[in-house]
Amino acid sequence: MPPSVTPDDRVLVLCLQDTAPLRDLAKAYALVGMGTAEQVQAARRALADLTNVMFVQGNREEIPWQDRWFTLILVDGDPEPTQAMTRVLAEGGRIVSIS
């Protein structure tokens, strides 16, 4: 996980393949995770005991969230932003690859 997460960050996670690393992050910070229907269901089951997480269907190309909301977007692989990622990223926000 990125070392520069702050308590004020609004975190979007675009990599739900492995929810184990998300548990530590979600213990300290509120986050929204996005993925396929299967990934969302698995993440909801795996982290059902945490109250500061939300998982919704979506992908890098279609992010169902308001403009400029997230201050940190975590991706698996290429951190090159899509138009949707740029739209939801707050001014001064950052995109970080965790792979």
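Because the structure is predicted, anything quoted here is derived from the model rather than measured.

## Points about the overall build of the protein
Broken down by element type, the protein carries three helices and five strands. Reading the protein from its N end, one meets helices and strands in the order β-α-β-α-β-β-α-β. Scaling as 2.2 N^0.38, a compact globule of 99 residues should have a C-alpha radius of gyration of about 13 Å, and the protein matches this with 12 Å. In terms of its C-alpha atoms, the protein occupies a principal-axis envelope of roughly 30 × 25 × 25 Å. Looking at the protein as a whole, 39% of its 99 residues are labelled buried.

## Section: the pattern of salt bridges
Inspection of the entire model under this criterion finds three salt bridges. Residue Arg94 is joined to Asp9 by a salt bridge in which the shortest nitrogen-to-oxygen separation is 2.8 Å. With Arg94 in strand β5 (residues 89-97) and Asp9 in the segment before β1 (11-13), this residue pair connects regions lying 85 residues apart in the sequence. Its salt-bridge partner being Asp49, residue Arg23 comes within 3.1 Å of it at the nearest N-O pair. In this pair, Arg23 is assigned in helix α1 (residues 20-28) and Asp49 in the loop between α2 (37-46) and β3 (53-57), connecting sequence segments 26 residues apart.

## Details of the confidence of the model for the protein
Here the protein averages 89 in pLDDT, while 97% of its residues score no lower than 70. Ranking the elements of the protein by mean pLDDT puts α1 last with 81 and helix α3 (residues 83-88) first with 97.

## Quick word on the side chain of Thr19
The residue Thr19 is located in the loop between β1 and α1 in this model. For Thr19, a relative accessible area of 15% gives the class buried. Apart from residues lying up to four places away in sequence, Thr19 is in contact with Ala43, Ala46 and Leu47.

## Overview of the nonpolar core
By size, the foremost hydrophobic cluster in this structure holds 18 residues, and its most contacted members are Val11, Val13, Leu16, Leu25, Leu31, Val53 and Phe55. For this core, the secondary structure elements donating two or more residues are β1, α1, α2, β3 and β4 (70-75). Here this core gets three residues from one element, more than from any other, and that element is α1. In contact with Phe55, other than residues within four places in its own chain, are Leu16, Leu31, Gly33, Val40, Ala43, Arg44 and Leu47. By size, the runner-up hydrophobic cluster in this structure holds 13 residues, among which are Val32, Ile63, Met85 and Leu89.

## Re the packing of aromatic side chains
Using the criterion set out here, one finds one aromatic pair in the structure. Between the NZ or CZ atom of Arg10 and the centre of the ring of Trp69, over which it lies, the distance is 4.5 Å.

## What to know about the sheet that holds strand β2 (residues 31-35)
Across the sheet, five strands lie side by side as β3-β2-β1-β4-β5; this open sheet has parallel pairing. What marks the edges here is a single partner per strand, and that holds for β3 and β5. Sheet twist, expressed as the average angle between the axes of neighbouring strands with direction ignored, equals 20 degrees.

What counts, and at which threshold
- Residues numbered from 1 in each chain as written.
- Predicted model: local features only at pLDDT ≥ 70, side-chain atom pairs only at ≥ 80, totals over all residues.
- Heavy atoms only, no water.
- Helix = DSSP H or I, 4+ residues; strand = E, 2+ residues; numbered from the N terminus.
- Rg over C-alpha atoms; globule rule 2.2 N^0.38 Å.
- Buried < 20%, exposed > 50% of the residue type's maximum accessible area, 1.4 Å probe, protein only.
- Salt bridge = Lys/Arg side-chain N within 4 Å of Asp/Glu carboxyl O.
- pLDDT = per-residue confidence, 0-100.
- Contact = heavy atoms within 4.5 Å.
- Core = buried A, V, L, I, M, F, W, Y, C linked by side-chain atoms within 4.5 Å.
- Phe/Tyr/Trp six-rings, centres within 6.5 Å; stacked < 30°, edge-to-face > 60°.
- Lys NZ or Arg CZ within 6 Å of the ring centre and 35° of its normal.
- Pairing = 2+ DSSP bridges.
- Axes fitted to C-alpha atoms, helices over the stretch in contact; angles between N-to-C directions.

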